[in-house]
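Coordinate analysis (summary)
The primary structure of each chain is shown beneath.
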Amino acid sequence: MPAVFYYYSLSSTDADFAVKSAVATSLAMIVFTAMSGGLGHLRKGNYVPGALRWLVPGSVAGAAAGSHFALIVHGESIKAAYAVFLFIIAIQMAFGKDSRRDCEEAGADNGVRIQAIPLLLVGLVSGVLSGFVGGGGGVIIVPALYFLTRSSITKCVGESTLLIIFTSVAGTTRFILTTPPGIEAPLMVGYVNVAICAAMVPAAILGARLGVSISSRVNPNVLRRAFSGVCVFIGLEMINAFALIQNYLR
């Protein structure tokens, strides 16, 4: 989402439209990357049996609501919300404990518990977040699934990836069906920039597979802190903090 917004910022594109198109295009890209990752998890059995049927209804409804809300609020509000979202992730990554092994062991010793209403609510909240900022539902889904079902973290990640397919389709559809006011671009379908999406999706799919390979070889603490730094940098850029500092120093 920040990458697409930055692309728009290089031209005289209306800022409000740029943010909303960045969210929409990001969601459209996630459809393909989530399908690529989700099918891989499905083949390996990395999912929580019986959970998806309760997560999907809430997630789809939430994504539709979140994308609708994104369309009616000003782009600056979306940027601010996205920055806050990135800062929360950064804090979690930098100071949170790496409990992957503990989660795996706990998940292996306990049976899966399916709780319909809590899973519906988890899907709803993650869907609203995804539809509003163009991604990020997995940050809610993975820990919630672990605590609700006591499944291994690997299965929770796989389930989250599968769910994001439905979430991103619902959010993207809402943006596609809305025509941007006063914007005429041949490569736009609603708010989705087809050209950017087509250019970035192949690289994103390749990058996702490369990331899986790299993550298994790099110290997880180093990886988490590096990602935390990236989140802080992008978050500050989204709220124009660097520009404000530069103007102050002048």
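Anything mentioned here points back to the structure above.
Since we're looking at a predicted model, the values are computed, not measured.

As for a nonpolar patch on the surface
Among the surface-exposed residues, Ile 117, Leu 121, Leu 124, Val 125 and Val 128 lie close enough to one another that they form a single nonpolar patch of about 420 Å² accessible area. With respect to the helices, strands and loops of the structure, Val 125 is situated in helix H6 (residues 116–133).

Here's the deal with helix H3 (residues 52–72)
The terminal C-alpha atoms of H3 lie 30 Å apart, and with 21 residues this matches the ideal 30 Å at 1.5 Å per residue to within 8%. Packed against the buried residues of H3 are helix H2 (15–44), helix H4 (75–95), H6, helix H7 (138–149) and helix H8 (153–176).

Notes on the pattern of salt bridges
Going through the model one piece at a time under the given rule, you end up with 2 salt bridges. In this structure, Lys 20 engages Asp 16 in a salt bridge whose closest nitrogen and oxygen atoms are separated by 3.2 Å. Of this pair, Lys 20 and Asp 16 both sit in helix H2, 4 residues apart, which is roughly one turn of the helix. Asp 16 sits in the buried class, given a relative accessible area of 18%.

Brief notes about the packing of H7 against H8
The N-to-C vectors of H7 and H8 enclose an angle of 135°; their axes lie 9 Å apart at closest approach. Put simply, H7 runs oblique to H8. At the point where H7 passes H8, the crossing takes the right-handed sense. Residues Gly 138, Ile 141, Val 142, Leu 145 and Tyr 146 of H7 form the contact with H8, whose participating residues are Ile 153, Cys 156, Val 157, Glu 159, Ser 160, Leu 163 and Ile 164. Of the residues contributing to the contact of H7 with H8, the split by class is 9 nonpolar, 2 polar and 1 charged.

Section: the nonpolar core
Judged by nonpolar contacts, the single largest core of 35 residues is most densely connected at Met 1, Ile 78, Tyr 82 and Phe 175. Looking at this core, the elements with two or more residues in it are helix H1 (2–9), H2, H3, H4, H6, helix H9 (194–215) and helix H10 (220–238). With 9 residues, H2 is the single largest residue contributor to this core. Among all residues touching Tyr 82, those that are not within four sequence positions of it are Met 1, Pro 2, Val 133 and Met 238.

With respect to the packing of aromatic side chains
All chains considered together, the criterion is met by 6 aromatic pairs. Pairing Phe 17 with Tyr 191 gives two aromatic rings, centres 5.8 Å apart and planes at 35°, and the pair type is tilted. In this pair, Phe 17 is assigned in helix H2 and Tyr 191 in the loop between strand E1 (188–189) and strand E2 (192–193), connecting sequence segments 174 residues apart. Comparing Phe 17 with Tyr 191, the two get one shared label, buried. Among the aromatic residues, those joined into a cluster by ring pairs are Tyr 7, Tyr 8, Phe 17, Phe 175 and Tyr 191.

Details of the environment of Asp 16
Linking Asp 16 and Glu 76, residues 60 residues apart in sequence, is a C-alpha distance of 7.0 Å. Not counting chain neighbours up to four residues away, the residues in contact with Asp 16 comprise Val 73, His 74 and Gly 75. Side chain to side chain, Asp 16 and Lys 20 meet in a polar contact 3.2 Å long.

As for the side chain of Thr 178
Inspection of the secondary structure assignment puts Thr 178 in the loop between H8 and E1. Among the polar contacts listed, one links the side chain of Thr 178 to the side chain of Arg 174, at a separation of 2.6 Å. Contacts of Thr 178, omitting those with residues within four sequence positions, involve Leu 71, Gly 190 and Tyr 191.

Focus: the environment of Ser 36
Within the secondary structure, Ser 36 is located in helix H2. Here Ser 36 falls in the partly exposed class, since its relative accessible area comes to 23%. Ser 36 sits 129 residues away from Ile 165 along the chain, and the two C-alpha atoms are 9.6 Å apart. Dropping the residues within four chain positions of it, Ser 36 is found in contact with Ile 205 and Arg 209.

Cut-offs applied
Residues numbered from 1 in each chain as written. Predicted model: local features only at pLDDT ≥ 70, side-chain atom pairs only at ≥ 80, totals over all residues. Heavy atoms only, no water. Patch = residues over 30% accessible without salt bridge, like charges linked within 9 Å, V, L, I, M, F, W, Y side chains within 5 Å. Areas by Shrake-Rupley, 256 points an atom, 1.4 Å probe, with all protein chains shown as cover. Salt bridge = Lys/Arg side-chain N within 4 Å of Asp/Glu carboxyl O. Helix = DSSP H or I, 4+ residues; strand = E, 2+ residues; numbered from the N terminus. Expected span 1.5 Å × (residues − 1). Contact = heavy atoms within 4.5 Å. Buried < 20%, exposed > 50% of the residue type's maximum accessible area, 1.4 Å probe, protein only. Axes fitted to C-alpha atoms, helices over the stretch in contact; angles between N-to-C directions. Parallel < 35°, antiparallel > 145°, perpendicular 65-115°, else oblique. Left-handed = near helix turned anticlockwise from the far one by under 90°. Nonpolar A, V, L, I, M, F, W, Y, C, P; charged D, E, K, R; others polar. Core = buried A, V, L, I, M, F, W, Y, C linked by side-chain atoms within 4.5 Å. Phe/Tyr/Trp six-rings, centres within 6.5 Å; stacked < 30°, edge-to-face > 60°. Polar contact = N/O pair within 3.5 Å; in protein donor to acceptor, adjacent residues only side chain to side chain.

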